[in-house]
Amino acid sequence: HSKRIVLGIESSCDDTAAAVVDEAGTVLGEAINSQTELHVEVGGIVPHVARDLHQLHIDDVVQSTLHNAGISLEDVDAVATTVKPGLHMSLDVGMKYTKQLLKNTWKPFIPIHHMEAHALTARMIDSSIEFPFLVLLASGGHCLLAVAEAVDHFLLLGKSLDVAPGDSFDKIARALKLVLLPEYQGLCGGAAVELMAKGGDPHAFVRTPIMQAHVNCDFSFSGVQTRFEQQIEKQEAELGLDLNRVLPSVSDICASFQYNILQHLSNRVQRAIIFCHREKLLPLNDATVVLSGGVASNQFLRQGLQRVCEAHGTRLVCPPPKLCTDNGIMIAWNGIEKLKTGLGIEDINSVEVLPRC
Ligand code: KG4
Ligand code: ZN
């Protein structure tokens with residue numbers, strides 16, 4: 001193989017994933033073990049359960065990845081592993097495994113920031129995306145807006161002051177007991193709400209805009225989440241929330257919730273674009289906005305944000321849903337990007353995992 005290749009390992013949350021990617025962005029092999037279904041049943045991630053499952057599957061995931069790529073560890077030019085941010089116990093499994101893997105070898109190690117990896121994935125699928133670009137990352141653990149200025153340089157414009165949007169989607173799905181429906185089994189909360197919202201009235205439950213008085217790019221989702229949870233309780237008390245009988249109101253709730261989230265995200269993205277243009281942080285013509293993270297797999301949100309971006313002369317790029325949720329490919333690709341800059345390699349023994357950053 002004449003192109004350099006990187007093995008990426010991800011274990012920051014509830015997915016154990018790995019991939020081998022080359023310099024051209026070709027995925028040579030990948031594997032993933034998702035814990036989502038199990039955590040949906042329990043109603044959230046229990047850190048030590050997540051850790052145990054990572055431990056159980058990580059070797060299998062990495063070995064299958066190498067096997068699928070038709071290579072062995074000797075063939076890779078570097079190993080990249082997520083070291084921050086995430087659940088401490090989960091990150092630890094990936095790091096310890098990587099240390100073990102690289103013991104007695106001289107393979108370079110590249111530590112990866114999970115959120116930066118989400119942001120940079122867009123450059124793998126679309127090589128025309130150049131720095132700087134604006135990025136909105138919306139996942140189950142984070143919500144942030146940043147200007148990606150270089151592979152390892154991000155200017156943070158705003159973040160969630162409370163919960164993450166994916167988390168709110170998960171809570172609403174749970175309050176509505178969507179996973180009990182046969183055709184919703186195996187779906188994460190966000191995907192369940194999106195499916196149920198189809199055909200629902202997005203204006204059925206109108207809410208006041210979120211954080212209107214805050215003239216910045218920060219986010220808040222706990223207020224809207226609580227109000228919808230209260231709405232669900234109220235409906236349950238008045239009508240008895242039977243998913244088989246009161247489907248219209250359930251889909252109205254989902255559609256309205258989604259609409260409220262879209263309004264908030266749109267408002268923040270719009271403000272960020274205007275700010276970046278004014279401060280000359282983004283090119284005035286054809287600037288790129290990247291939308292990623294698990295919540296970005298929502299088609300309704302994508303379409304809405306697409307309109308906002310178009311109205312401001314920017315183009316919106318969303319990686320395919322498979323690359324928006326946690327995966328090993330984004331980690332390997334970030335490894336490639338860092339390898340190309342020549343600055344990404346660090347001594348594995350001096351790197352520590354960081355739950356927050
Ligand atoms: O990025 P991700 O896989 O994991 C991290 O949180 O880092 O994101 C998972 C989150 C979950 O909260 C899930 O409910 C949400 O992304 N999500 C969605 C959709 N698909 C996944 N939220 C809204 N609409 C979706 N279609
Ligand atoms: Zn993620």
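Residues numbered from 1 in each chain as written. Chains lettered and ligands numbered in written order. Predicted model: local features only at pLDDT ≥ 70, side-chain atom pairs only at ≥ 80, totals over all residues.

Another point: the domain arrangement of the protein chain. For the protein chain, the domain assignment lists domain 1 (5-125 + 326-350) and domain 2 (133-322). Spacing between the C-alpha centres of domain 1 and domain 2 amounts to 27 Å. Residue-level contacts link 18 residues of domain 1 with 20 residues of domain 2. Counting only elements with at least two residues in the side of domain 1 that touches domain 2, the list comes to α1 (36-42), α4 (114-125) and α11 (329-341). Here the side of domain 1 that touches domain 2 gets 8 residues from one element, more than from any other, and that element is α4. Classifying every residue of the side of domain 1 that touches domain 2 by side-chain character gives 8 nonpolar, 6 polar and 4 charged. (Domains from an automatic or database assignment. Contact = placed C-beta atoms within 7 Å. Helix = DSSP H or I, 4+ residues; strand = E, 2+ residues; numbered from the N terminus. Nonpolar A, V, L, I, M, F, W, Y, C, P; charged D, E, K, R; others polar.)

Axis separation between α4 and α11 bottoms out at 8 Å; the angle between their running directions is 75 degrees. For the element pair α4 / α11, the angle class is roughly perpendicular. Between α4, through Glu116, Ala117, His118, Leu120, Thr121 and Met124, and α11, the contact on the second element is made entirely by Met330, Ile331, Trp333, Asn334 and Glu337. The class makeup of the residues in the contact of α4 with α11 is 6 nonpolar, 3 polar and 2 charged. (Axes fitted to C-alpha atoms, helices over the stretch in contact; angles between N-to-C directions. Parallel < 35°, antiparallel > 145°, perpendicular 65-115°, else oblique.)

Another point: the packing of helix α2 (residues 47-69) against helix α3 (residues 88-102). The angle between the axes and the distance between the axes are what describe a pair of packed helices. It is at 8 Å that the axes of α2 and α3 come closest, and there the two elements cross at 20 degrees. The orientation of α2 relative to α3 falls into the category roughly parallel. Crossing geometry of α2 relative to α3 is assigned as right-handed. Residues Pro47, His48, Ala50, Arg51, His54, Gln55 and Ile58 of α2 pack against Met89, Ser90, Val93, Gly94 and Tyr97 of α3. When grouped by side-chain class, the residues that make up the contact of α2 with α3 number 6 nonpolar, 5 polar and 1 charged. (Left-handed = near helix turned anticlockwise from the far one by under 90°.)

Here we take up the sheet that holds strand β9 (residues 288-292). Sheet strands associate in pairs through backbone hydrogen bonding, adopting either a parallel or an antiparallel arrangement. Ordered by their spatial adjacency, 5 strands build an open sheet running β8-β7-β6-β9-β10, and the pairing between neighbours is mixed. The open sheet is flanked by β8 (153-159) and β10 (315-317), the only strands paired with a single partner. Put simply, the sheet's adjacent strands are angled 25 degrees from each other on average, direction ignored. As paired strands, strand β6 (residues 133-138) and strand β7 (residues 143-150) are joined by 6 bridges and run antiparallel to one another. (Pairing = 2+ DSSP bridges.)

In terms of burial, strand β4 (residues 78-84) is largely enclosed, as 7 of its 7 residues are buried. Where strand β1 (residues 5-10) meets β4, 4 bridges bridge the pair, whose relative direction is parallel. Note on β4: the bridge partner recorded for Val6 is Ala78. With 5 bridges joining them, β4 and strand β5 (residues 109-113) adopt parallel strand pairing. Each residue of the ladder has a partner; that of Lys84, found in β5, is His113. At this point the chain moves from β4, through α3, to the parallel β5, and the crossover so formed is right-handed. (Buried ≥ 20, exposed ≤ 12 C-beta atoms within 10 Å, placed from the backbone. Right-handed = clockwise from strand over helix to strand, strands pointing away.)

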